[in-house]
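Structural description and commentary
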Amino acid sequence: MLDSLKMNENKIRRGLGIFKIDQPPSKDIVALEKDLELLEQVWQSFQKWQGLWAEWKVGVFADIQTDTMEMQAQQILKKINKLGREIKSRDKSWEICEHTKREIEQFKRTMPLIQALKNPAMRPRHWTQLKNEVQKP
């Protein structure tokens, strides 16, 4: 649809060129292109987060790198926040931005627990106590 709008705009411009009338680009089409670009970036960030989260959920706990996890989450959150500000400056609001932001912030709140559990001082007796507390065999 956007391509057909651009083609129509170019056709009109060529027609106006015959009469030496300069027509600036359509503000609506430019705004629509920018919105689509922002939307694509938001969804790419969301998909990247979902991929990382899916990988981390099934990974071996002993092999996870908490520093890398925290850094990657922070990078995506920073990008989402930046995109969110830009979207708000355009008087728009997209739920996907807020949803992704909430998911990453929730993950970041659990990082201290994950880091504590990764502490080399955790012994088998500590794991046994923890399993008893959460009632998992």
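As a starting point, this report considers the structure included with it. (Residues numbered from 1 in each chain as written. Predicted model: local features only at pLDDT ≥ 70, side-chain atom pairs only at ≥ 80, totals over all residues. Heavy atoms only, no water.)

A separate point is the packing of helix 2 (residues 27-58) against helix 4 (residues 95-117). The contact between helix 2 and helix 4 brings their axes to 10 Å, and the two run at 30°. The angle between helix 2 and helix 4 falls in the class roughly parallel. Regarding helix 2 and helix 4, the two cross each other, and that crossing is left-handed. Residue-level inspection shows V42, W43, F46, W49, Q50, W53 and W56 of helix 2 in contact with helix 4, the latter providing I96, C97, H99, T100, E103, I104 and F107. Considered class by class, the residues forming the contact of helix 2 with helix 4 number 10 nonpolar, three polar and one charged. (Axes fitted to C-alpha atoms, helices over the stretch in contact; angles between N-to-C directions. Helix = DSSP H or I, 4+ residues; strand = E, 2+ residues; numbered from the N terminus. Parallel < 35°, antiparallel > 145°, perpendicular 65-115°, else oblique. Left-handed = near helix turned anticlockwise from the far one by under 90°. Contact = heavy atoms within 4.5 Å. Nonpolar A, V, L, I, M, F, W, Y, C, P; charged D, E, K, R; others polar.)

Backbone geometry at D91 places phi at a positive 60°, although glycine is not the residue there. Following the sequence through the fold, D91 ends up in the loop between helix 3 (66-89) and helix 4. Residue D91 is classed as exposed on the basis of its relative accessible area, which comes to 73%. (Buried < 20%, exposed > 50% of the residue type's maximum accessible area, 1.4 Å probe, protein only.)

The subject of this paragraph is the side chain of T66. Structurally, the position occupied by T66 is in helix 3. Setting aside chain neighbours within four positions, we find T66 in contact with M111, I114, Q115 and K118.

This part is about the packing of aromatic side chains. This model, assessed by the stated rule, comprises seven aromatic pairs. On the numbers, 5.4 Å between centres and 85° between planes, the contact of W43 with F46 is edge-to-face. Placement of both W43 and F46 in helix 2 is noted, with a separation of three residues, approximately one turn of the helix. The partly exposed category is assigned to W43, whose relative accessible area is 39%. Judged by relative accessible area, F46 falls into the buried class, the value being 15%. The ring of F61 has K118 sitting right over it, with the charged end atom 6.0 Å from the ring centre. (Phe/Tyr/Trp six-rings, centres within 6.5 Å; stacked < 30°, edge-to-face > 60°. Lys NZ or Arg CZ within 6 Å of the ring centre and 35° of its normal.)

The next thing to look at is helix 5 (residues 124-134). Of all 11 residues that make up helix 5, zero are buried, and the element is exposed over most of its length. Q135 sits one or two positions beyond helix 5 and adopts a positive phi of about 55°.

In summary, soluble globular proteins display a tendency toward joint burial of nonpolar side chains. If you look at the biggest cluster of nonpolar residues, it comprises 13 residues, and the most contacted ones within it are W49, W56, M69, I76, I104 and F107. Those elements that provide at least two residues to this core are helix 2, helix 3 and helix 4. Per-element tally for this core: the top contributor is helix 3, with five residues. Those residues in contact with M69, other than ones at most four positions away along the chain, are W56, I64, F107 and M111. The next biggest cluster of nonpolar side chains, apart from the first, holds eight residues, and it includes L38, L83, W94 and I96. (Core = buried A, V, L, I, M, F, W, Y, C linked by side-chain atoms within 4.5 Å.)

So far we have only geometry, and geometry alone does not tell us how the molecule works.
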